[in-house]
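An overview of the molecular structure
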Amino acid sequence: MNSQNTPVHIKLWHREFWQLAIANLLLSLSVYMLIPVLPIWLTQEENFSQMETGLSMGVFALGLYLLGPFVSYLVQHYRRNKVCLWAIIGLIACQGMLWYIDTLKSEFAEFWLILLQRFVLGALFGLAQMVLASTLVIDTCESFQRTEANHSASWFGRFALSLGPLAGVVVMSQWGFESVILASMGSAAVALLLIRMIDFPFRTPEDHVHIFSCDRFILNQGGMLFLNLLLISLSLGIIISMMDSVVDFGMMMVGFLFALLAQRFVFRDAELKSEVVTGLILLIAALLLMLTHPTETADYISSTFVGMAAGIIGSRFLLFFIKLSRHCQRGTSQSTFTLAWETGLALGVGLPYIFSDLLPFGMMLLALGSAIVALAMYNGVTHTWFMSHKNR
């Protein structure tokens, strides 16, 4: 079978699943909200250089890997929902540090302090996402619904990629950076409450669980998919870092909706390779429009194409990771996908500031090059490799 259509089970969409899906949206929203506004605050209010700003945004990617090796041990020795809740509490406190720094109007923030804050934020967000997406979501559904559950819940987090920055831009323009931080903390707090309201059954921990493990962290055999997705999300991150208006992120959201419709109707029984190839062509087309036609109409179209590409590619690569995993590695495959996706986005957001001596045209060329390499890699190597190594 060389095509795949993810089935829809109405019974999956019960109250607990809705709560976890919305919690995933709000948790991602709280982090993505800062993408367009934090660099402005760092450079204009805290007197950071472009290099310091870029490093502060990019170090988030490194933090994602800090607690991952301990996820298996933590969810086996402590209640898994408690691990997620405490990670979110830490995330809220970490965001609160920015609020506290912002209230000290008479002092500039230390670079090392912001660097530490972003690193720890990445670590806590990574831990919360790994437990929420790879463990808690699975715990609320039947075994035959788990692929659909992962696929559907991830879409809520993907929506936050446009809704979060959009909310950040709106709140910043109306009420200032302090209000963005409070909104970010509030979004994470509501996610915390939604998870707290669900009663998760106690599971007896396994024997002889290692403190340091790749289980529930990273899929050892998924390196090819990881690298290919990293190149794609890097390109997306660069594009998103250059979006600065409500219209840009609004049209990106429209693109997500088109991607959903395309998956349900256009790619329903299409050849498996077609989705990623189409998504990358849309991404490359969006970049070419940005480079050659810097007009308002072209911006609308390119932002829509970016949303469609992110939606189609993101959901398909998640299913690739799940199909690549062996028995009892579903959570590990979900975490590996999250790491590749978030790492690329964070690096892509930080690079334009680190290489600020390049014109936006130069960064767009870098994003275009990354997307072209990703297309060549997927079409020439990755897809064939996946078809010969998948386990489901």
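Numbers given for residues are sequential positions, taken from 1 along each chain in its written order. Local features in this predicted model are restricted to residues of pLDDT 70 or higher, and side-chain atom pairs are both shown and tallied only at a pLDDT of 80 or more, whereas totals for entire chains, interfaces and linings draw on every residue. Excluded from the side-chain calculations are hydrogens and water; all other atoms, namely the structure's heavy atoms, are used.

**Side note on the pattern of salt bridges**
Salt bridges, as used here, are contacts in which a Lys or Arg side-chain nitrogen is within 4 Å of a carboxyl oxygen on Asp or Glu. Tallied over the entire structure, the rule returns three salt bridges. Taking the shortest distance from any N to any O, the salt bridge between Glu16 and Arg15 comes out at 3.1 Å. For Asp139, the salt bridge is made with Arg80, and the minimal N-O distance between the two is 3.5 Å. With a gap of 59 residues between them, Asp139 in helix H6 (residues 111-139) and Arg80 in helix H5 (residues 80-103) connect regions that are remote in the sequence. Helix and strand assignments follow DSSP, with helices taken as H or I runs no shorter than four residues and strands as E runs no shorter than two, numbered in order from the N terminus.

**Description of the side chain of Arg80**
Three labels apply to residues, based on accessible area from a 1.4 Å probe with only protein chains included: buried if under 20% of the type maximum, exposed if over 50%, partly exposed otherwise in between. Note on Arg80: relative accessible area 12%, which makes it buried. Contact definition: two residues touch when any of their heavy atoms are within 4.5 Å. Among residues more than four places away in sequence, those in contact with Arg80 are Val75, Val131, Thr135, Leu136, Asp139, Arg203 and Arg216.

**Quick notes on the packing of helix H7 (residues 146-175) against helix H8 (residues 177-196)**
Relative to each other, H7 and H8 sit at 140°, their axes nearing to 7 Å. Of the possible angle classes, the one that applies to H7 and H8 is oblique. Viewed along their axes, H7 and H8 form a crossing whose handedness is right-handed. Taking contact as the criterion, the partners of Gly168, Val171, Met172 and Trp175 in H7 are, on H8, Phe177, Ser179 and Val180. Note on residue classes: Ala, Val, Leu, Ile, Met, Phe, Trp, Tyr, Cys and Pro are nonpolar, Asp, Glu, Lys and Arg are charged, and everything else, Gly too, is polar. Residue composition of the contact of H7 with H8, by class: five nonpolar, two polar and no charged. Throughout, an axis means a line fitted to C-alpha atoms (over the contacting stretch in the case of helices), and angles, computed between N-to-C directions, take values from 0 to 180 degrees. Roughly parallel refers to an angle under 35 degrees, roughly antiparallel to one over 145, roughly perpendicular to one between 65 and 115, and oblique to any angle outside these ranges. Rotating anticlockwise by less than a right angle from the far helix to the near helix defines a left-handed crossing, while the corresponding clockwise rotation defines a right-handed one.

**Some thoughts on the nonpolar core**
Counting 130 residues, the largest nonpolar core has Ile88, Ile195, Phe317 and Trp341 as the members making the most contacts within it. A per-element tally of this core places helix H12 (residues 296-324) first, with twelve residues. Dropping the residues within four chain positions of it, Ile195 is found in contact with Leu20, Ala23, Cys84, Leu85, Ile88, Leu132, Leu136 and Phe200. Grouping buried Ala, Val, Leu, Ile, Met, Phe, Trp, Tyr and Cys residues that are joined through side-chain atoms within 4.5 Å yields what is termed a nonpolar core.

**Let's talk about the state of the cysteines**
Put simply, a disulfide is two cysteine sulfurs that come within 2.5 Å. Counted by the stated rule, this structure contains zero disulfides. With no disulfide of its own, Cys84 has Cys141 as its nearest cysteine by sulfur position, at a separation of 16 Å.

**A short note on empty space enclosed by the protein**
To find leftover empty space, one rolls a probe the size of a water molecule over the atoms. Residues are said to line a cavity or pocket when one of their atoms sits within 4 Å of a point; the points come from a 1 Å grid over protein atoms alone, cavities being sets where a 1.4 Å probe fits but cannot get out and pockets being open sets with protein on both sides within 12 Å along at least five of seven lines. Grid points are joined across faces, edges and corners, and a volume is the space filled by probe spheres set on the points. Following the criterion strictly, the structure yields two cavities of 30 Å³ or more and no others. In this model, the largest cavity occupies a volume close to 180 Å³. Lining of the largest cavity is provided by 15 residues; of these, Gln129, Ser154, Gly157, Phe337 and Thr338 occupy positions nearest its centre. Where the lining of the largest cavity is concerned, the elements lending two or more residues are helix H1 (15-32), H6, H7 and helix H13 (330-354). Each residue belonging to the lining of the largest cavity can be placed in one class, and the counts come to five nonpolar, eight polar and two charged. There is about 120 Å³ of room inside the second largest cavity. Lining of the second largest cavity is provided by Val31, Tyr32, Leu34, Ile35, Met57, Phe60, Arg118, Glu342, Leu345, Ala346 and Val349. Contributing elements (two or more residues each) for the lining of the second largest cavity: H1, helix H3 (50-63) and H13. It is H13 that contributes the most residues to the lining of the second largest cavity, four residues altogether.

**Regarding the packing of aromatic side chains**
The pairing test for Phe, Tyr and Trp rings, Trp by its six-membered ring, is centres within 6.5 Å, and the orientation test on the planes gives stacked under 30 degrees, edge-to-face over 60, and tilted for anything in between. Following the criterion strictly, the structure yields 19 aromatic pairs and no others. The interplanar angle of 55° and the centroid separation of 5.0 Å between the aromatic rings of Trp13 and Trp18 together place this pair among those described as tilted. Given the relative accessible area of 27%, Trp13 is considered partly exposed. Here Phe317 and Phe320 contribute two aromatic rings whose centre-to-centre distance is 5.8 Å and whose plane-to-plane angle is 70°, an arrangement assigned as edge-to-face. On the criterion of helical spacing, the pair formed by Phe317 and Phe320 is a turn pair, its members being three residues apart in helix H12.

**Details of unusual backbone geometry**
One non-glycine residue, Asn47, lies in the positive phi region at around 60°. Residue position: Asn47 is located in the loop between helix H2 (38-44) and H3. Judged by relative accessible area, Asn47 falls into the exposed class, the value being 57%. Here Arg216, not a glycine, exhibits a phi torsion of approximately 65°, which is positive.

**Some remarks on the layout of surface pockets**
Counted as a void, the largest pocket has a volume near 500 Å³. Around the largest pocket sit 18 residues that line it, and Ile138, Arg146, Arg216, Cys328 and Arg330 are the ones nearest its centre. Those elements that provide at least two residues to the lining of the largest pocket are H6 and H13. At four residues, the largest contribution of residues to the lining of the largest pocket is made by H6. Taken together, the residues of the lining of the largest pocket sort by class into two nonpolar, seven polar and nine charged.

**Focus: the environment of Met253**
By the element assignment, Met253 lies in helix H10 (residues 246-266). Residues Met253 and Glu342 lie 89 residues apart in sequence; the distance between their C-alpha atoms is 18 Å. In contact with Met253, other than residues within four places in its own chain, are Phe159, Ser162 and Leu163.

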